[in-house]
Structure formats: structure tokens, C-alpha cells
Amino acid sequence: MKTEIDYSVYLVTARGLLPEGKDYLESLEESLQGGVTVVQLREKTTDTGEFIQVAQSTKDICDKYNVPLLINDRIDVALAIDCAGVHVGQSDAPLSIARKLLGDEKVIGVSAGNIEQAINAQNGGADYIGIGAVYGTQTKDVTNKIMGTPGARSILAALDPQSPIKTVVIGGIKSENLLRVLNGVHEKDTKRYLDGVAVVSEIVSSKNPREAASNLSHLIKSFRESEKIKYHSASYDVDSIVQEAWRIINAIPEQHPLIQQMANIVTANDQANATLALGASPVMAAVVGDQKDLNPHIGALLINMGTVSEEQKQAMLVGGRYSNLNKKPLIFDPVALGATSFRKQTGQELLNHWAPTVIKGNAAEIGALSGLTEVATKGVDSVGPGFKNPVTVVKSLANRERCIVVMTGKDDYISDGERTVKISNGHSLLGQITGSGCVTGTAIATCCAVSSMTTEDMNEDGKLSRGDHFMAAIAGVLALEIAAEIASKRDDVRGPNTFRSAWIDEMSKLNEINLKKLSCVTLT
Ligand code: 3NM
Ligand code: MG
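Computed from a predicted model, the values in this text were never measured in an experiment. (Residues numbered from 1 in each chain as written. Chains lettered and ligands numbered in written order. Predicted model: local features only at pLDDT ≥ 70, side-chain atom pairs only at ≥ 80, totals over all residues. Heavy atoms only, no water.)

Draft legend 1. A look at the side chain of Ser-175. Secondary-structure assignment places Ser-175 in helix 7 (residues 175-185). Of the polar contacts made by the side chain of Ser-175, one reaches the side chain of Glu-176; its length is 3.5 Å. (Helix = DSSP H or I, 4+ residues; strand = E, 2+ residues; numbered from the N terminus. Polar contact = N/O pair within 3.5 Å; in protein donor to acceptor, adjacent residues only side chain to side chain.)

Draft legend 2. Representation of the site of ligand 1 in the model. Lining the immediate environment of ligand 1, one finds 13 residues, of which Thr-137, Thr-139, Gly-172, Val-200 and Ser-201 sit closest. In the model, an oxygen atom of ligand 1 is placed 2.7 Å from a nitrogen or oxygen of the Thr-137 side chain. Within the contact set of ligand 1, an oxygen atom lies 2.9 Å away from a backbone nitrogen or oxygen of Val-200. Starting from 420 Å² of accessible surface for ligand 1 in isolation, the protein chains cover 95%. The class makeup of the residues in the shell around ligand 1 is five nonpolar, six polar and two charged. (Near = heavy atom within 4 Å. Areas by Shrake-Rupley, 256 points an atom, 1.4 Å probe, with all protein chains shown as cover. Nonpolar A, V, L, I, M, F, W, Y, C, P; charged D, E, K, R; others polar.)

Draft legend 3. Local environment of the sheet that holds strand 7 (residues 166-170). The sheet built from eight strands closes into a barrel, its strands ordered 1-2-3-4-5-6-7-8 with parallel pairing. Each adjacent strand pair in this sheet contributes to an overall mean axis angle of 25°, direction not counted. Here strand 4 (residues 85-88) pairs with strand 5 (residues 107-112) via four bridges, running parallel. Residue Val-86 lies in a different strand from strand 5, and its bridge partner there is Ile-108. Helix 2 (residues 48-64) rests against strand 2 (38-41) and strand 3 (69-72) of the sheet, and its axis sits at about 160° to strand 3. (Pairing = 2+ DSSP bridges. Axes fitted to C-alpha atoms, helices over the stretch in contact; angles between N-to-C directions. Contact = heavy atoms within 4.5 Å.)

Draft legend 4. Region of the structure containing the sheet that holds strand 12 (residues 330-333). What the nine strands build is an open sheet, ordered 10-9-11-12-13-16-17-18-19; its pairing is mixed. Edge positions in the sheet fall to strand 10 (281-283) and strand 19 (521-523), since each has one partner strand and no second. Ignoring strand direction, the axes of neighbouring strands in this sheet form an average angle of 20°. Bridge analysis of strand 11 (residues 300-304) against strand 12 gives four bridges, and the strand direction is parallel. When the bridges of strand 12 are listed, Asn-304 appears paired with Asp-333. Lying over the sheet, helix 11 (residues 268-278) contacts strand 9 (258-262), strand 10 and strand 11, oriented at roughly 155° with respect to strand 10.

As C-alpha cells, then:
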């Protein structure tokens, strides 16, 4: 019988890359303990006699953990030790020959660097394809072009949705970019997900291969859980949305979540006060050392790039990772992302390290993240009238990053990639004080925390963070904009500064009647 393979964490060996003093079989065994699900023995220069010996001892250890073994290139060695199958590259034996020699009971994988190679492998009866190279790698001289996640995704899209062929990606995959890879390569239209990721150096070159494998395994599991999210929210019409927004806002004081914020130095104080006014607790911890201990206790983490420093960036990288691991909502505010190349790089680096639950920005920031130049930036501000087609912009970014996208402006657009709403609340005074956008991030984080806490038991499957954060993002925006409208009408508001305090006051006094009367939500 053909061996059933779980391709999730696919280890390709490389004895030459072991850290000094680390024994090959010891490293292999530790990686299996950490969660490697399939092993490919890859030896490029070993003589046949030694190859068979190494293959046999590799197989003995794999057998102990019930993990299948494949042999790179050498059909004879696979036959000699009777392992699960082989992996052939484009310059190795052709698939048809490999199949003839090995028979139908063995697994055969083929390297595919482009669509044509992938289709040939599929039509020729390969069991899986190894798609690569996704990113640059030091491990192998890759002659194929680096395809990035879009290239790998186009290969998934080209496969026959009915074909049983499995897919893994390879090349430069690390735990730091794994979520990005899984998010980016999944093909929504044909419903094809990657069956796994293949790595060499991430595990082999590690002094602690058990931990390296276990990190990969953990991230893949949380990603798969996140795909199973079931929205618990009521019907999707304007009245139900506003009702759900009120349910979330009203639950804040009762749940009293702790909202961690890596804020900027300009608006931190307003962000902290707004958190309190909404009924939650702020904690402004933004150094690396705080993250591990604090993360289990927070309701959500807001990462605001407003005045990001090298030191704060490190805390952002670490804090975001813990948030993903502990399933805490992670709200990302890429302030002035398009303004400088340092900010662009920082934003990309952060998004390579973790998966946000919500991205919130103005038109220029969302445009810069999307790679669009239609809307320019001046410092932190967006200039001009905004996008001609804002719905498409937020929707495609939400699909690309697989998160909720909130684009603020005169009208706000919120999308989860499928549902998109427009909110036309707010007041022009919000544009005359600093940080009203940053404070909106705070409100979204607060509402996401509540939505996680109140929906946890309904979402047994869990997700990266639980809850219907689309509704939470709407609730956060509505809370702040309706508080602003009410504040702007107060007699004691005489200009931007008095407005600012009145606005925070009104956040603490929101009620169901006002919210329902004033909210201006449109389905798009
Ligand atoms: N095959 P690392 S890339 C063995 O593109 C191999 O087909 C590739 O190593 C392909 O995980 C590669 O250390 C090496 O980047 C991947
Ligand atoms: Mg080869």
C-alpha cells in the first residue's frame, strides 16, 4: 500500500549544514520529536555504499516516529531500503521512468519551478510537487527564478481542482515568514491550500532542531485552525451590524480587557485615555522584555508605527509573534508607511513576522501597503480626494493579507475580503487634532478584544485570534465617530482642543439610542 503522507512539516536533510558538534542522526531525531511529518534524504555527493547506509539509519529513526522517508533522486537507494518513495528534480529521472521502476505503491514527488512543470507532474501521476524557490536561499543554487508567494500561488491556481496531487513549497522558508507564505500561497478560487512547507536550513542548521520544527508545526496548526473560523454574527444587514456593534461596545466595561499599545510618542496619552473612557485598561508596554510575560494577559495588542525606533521595532516583532501564538487580536496601524523607505521596509518586515488581525490606515497608508500610488502622502497625512474605487482597494488588501482592512477618511471603508461596509460618520474637527486615526486604532483593538472574549466558547475551532473582528472593527470606528459627532455639538466645545477633551468624555457615555440613531453604515 502507498504510504499516506502528512506533508505539513517537510524536512529535507543536508548533512553539510549541521551546526558544529551536532550529529546528523541526533539532529534528525530531535526534529522528529519537534513535529517533522515527512523526511527527504538529500545527499548530493555521497557514494552509493555510504548512501545506502545513511539511508538505512535515517529510515530506522523515521520508523521509530512513524514518519515516512523519501529519497532525493536515487531510485535505487529507495528500492534498496524499501522506504516510502522518492523526490525527483527536473534534471533527475523523468517521472514516467521513476514510476515504472518504483510501481504504483511508492510516493513520487517532483520539483516544479513553473506552471508547465507543475501541470506535467500532475498529468504524469506525481503524488506531490515541491514548488520553489519561493524565496532566496543559500542552501542550493537555484536555477529557477525566485517566484515569491504570488508565483507559488499561480501554480496552485493552475492545478486541476479535482486532482489528488499534493503541494509543498520550498526555498528560504523560516518560521518568521511562514504565516506570510501560508497566507499568500493559499488559492481561494480553486480552494487549494498548501499541504505543507519544506525546509532545510531552518531545521538542519539550528542548534535546537526540536524547537525549530515545533515552531513551524505550531504555526501551521494555528493557520489551519484560522481557516475554520465560523462567524457567529447575526444576519448581515445594516440593523444587525449596528446591533452587534452596540453589543460589543456595551460589553467593554464588563469585560474590562487589558489593551496593550505600542503607541507613538505624539498620541500615546490620548490613546491611553480613550481606552479608559471606553471601559478598558491600557498598558503601553513597548520593550522586548515585557512581551512574553505580558502577552498571555492582554485582550489585544495595537502596534502603531507612528514614531517607530529600531528598539521599538524589535519589541513589535516579538510582541506580534506572541500575539499570534497566544491567539490575541493584533491591530496594525502602519502610520506614514509610504512616507519613507525606512517605514516601508519596517512595515514589510513586521508583516513578514506576524499576521495582523486588522490593518488600519488612511488612504495613503493603505495605498502604500497595497503598492498603489494613486493617493499621495504628506508626512503622516493622506492628500487629495482618495481612491476612485476604495471598495476594491480595501477588499484586495484584505484578501492579500487575509485580515480585516480599515481605511479611514471622510468615509471609512472596512472589509474582510468578502464583506465591505462604508461608514459615513465623524466630524471635520477630527482632522484638526493630532492622532484621531491612532485613537481609532485603540478603539478597534478594544472592540476586537471584547469580540474575542465574548465569542470564545462559540468558536471552539478557534482562529489566530477568535471572534468576528469585522464586526469589532466596525464597532470601534462607530464608537469614536459617533462620540465625535456628539462632542462637536456641545456648547463647551470652542475649537480643536476643547473638542479633544469633549470627544474623550463622550466615548465614556455612548448609549444604544445614540448609536442607533446616528450611525450611518452602508453595505457596498
Ligand atoms: N530545492 P532552505 S530550494 C532543496 O527551489 C531545495 O527546488 C529548492 O533550503 C527548489 O530551506 C532548496 O534552507 C533549498 O532555504 C531550500
Ligand atoms: Mg535533484
